[in-house]
Amino acid sequence: MQQPIGFLALAACFILAGALLDGGYQRSTPDSLQAQGTIVDFERGHSRQVYPVFEFKDADGMPHRVVNLTQQAIVRFSRGDSVPIAYSRIDPERARIDTLWFSHRWVIGGLVVAVALVIRALAGANLKRN
């Protein structure tokens with residue numbers, strides 16, 4: 001009976017981590033709007049850290065040039081790529097590339113939990129057969 005409790009505790013940890021990450025994303029671009037931007041350059045933190053630089057126009061037509069808040073890790077961009085942007089209505093300089101991970105992070109998190117539940121169910125069924 002300890003395995004289900006351990007599994008539920010692990011799932012609760014993932015949900016808590018997701019909520020904390022989501023809170024961070026919401027704070028990074030409060031009251032966000034969407035725009036289309038273009039990758040124009042890259043900044044290097046260290047030899048392996050690459051931060052895309054993008055340009056976009058806000059709802060008032062004002063141009064902005066921003067270094068993405070997170071390094072280029074999940075998605076690889078090239079100069080000239082068109083990218084969706086989420087930016088703060090209050091401060092358009094607080095903007096980020098709105099990749100699949102950012103815009104659908106709860107769906108992706110839900111898929112991870114669903115896969116874990118399926119694996120757990122299959123493992124439980126396999127133990128009962130043996």
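Preceding block: the structure.
This one's a predicted model, so the numbers in the text were calculated from it and none came from an experiment. (Residues numbered from 1 in each chain as written. Predicted model: local features only at pLDDT ≥ 70, side-chain atom pairs only at ≥ 80, totals over all residues. Heavy atoms only, no water.)

*Asks:* Please clarify how the pairing of strand 2 (residues 50-57) should be interpreted in this entry.
*Replies:* As judged from the 7 bridges shared by strand 1 (residues 32-44) and strand 2, these two strands associate in the antiparallel manner. In the strand pairing of strand 2, Asp41 is matched with Val53. As paired elements, strand 2 and strand 3 (residues 63-67) share 5 bridges and run antiparallel to each other. Of the residues in strand 3, the one forming a bridge with Phe56 is His64. Hairpin remark: strand 2 followed by strand 3, antiparallel, with 5 residues in the connecting loop; positive phi at Gly61, about 85 degrees. (Pairing = 2+ DSSP bridges. Helix = DSSP H or I, 4+ residues; strand = E, 2+ residues; numbered from the N terminus.)

*Asks:* Which parts of the structure should I look at to understand the environment of Pro63?
*Replies:* Counting through the fold element by element, Pro63 comes out in strand 3. We classify Pro63 as exposed; its relative accessible area is 59%. For the pair Pro63 and Glu93, spaced 30 residues apart in sequence, the C-alpha to C-alpha distance is 10.0 Å. In this view, Pro63 contacts Phe56 and Lys57; residues no more than four positions away in its chain are not counted. (Buried < 20%, exposed > 50% of the residue type's maximum accessible area, 1.4 Å probe, protein only. Contact = heavy atoms within 4.5 Å.)

*Asks:* How should I be thinking about the environment of Gln34 in this particular structure?
*Replies:* Mapped onto the secondary structure, Gln34 falls in strand 1. Taking relative accessible area as the criterion, Gln34 reaches 52% and is therefore assigned exposed. Along the chain, Gln34 and Ser88 lie 54 residues apart, while their C-alpha atoms are 9.0 Å from each other. Residues contacting Gln34, with those up to four places away along its chain left out, are Ile85, Ala86, Tyr87 and Asp98.

*Asks:* Is there a simple way to explain the pattern of salt bridges in this structure?
*Replies:* Working definition: two side chains of opposite charge can pair if their charged atoms are close together. In the structure shown here, the tally under the stated rule is 4 salt bridges. Between Arg65 and Asp41 there is a salt bridge; the shortest N-O distance is 3.9 Å. A residue pair is termed long-range when its members are at least 10 positions apart, and Arg65 in strand 3 and Asp41 in strand 1 qualify at 24 residues. As a salt-bridge pair, Arg65 and Glu55 come within 3.0 Å of each other at their nearest N and O atoms. With Arg65 in strand 3 and Glu55 in strand 2, this residue pair connects regions lying 10 residues apart in the sequence. Classification of Arg65 by relative accessible area gives partly exposed; the value is 47%. (Salt bridge = Lys/Arg side-chain N within 4 Å of Asp/Glu carboxyl O.)

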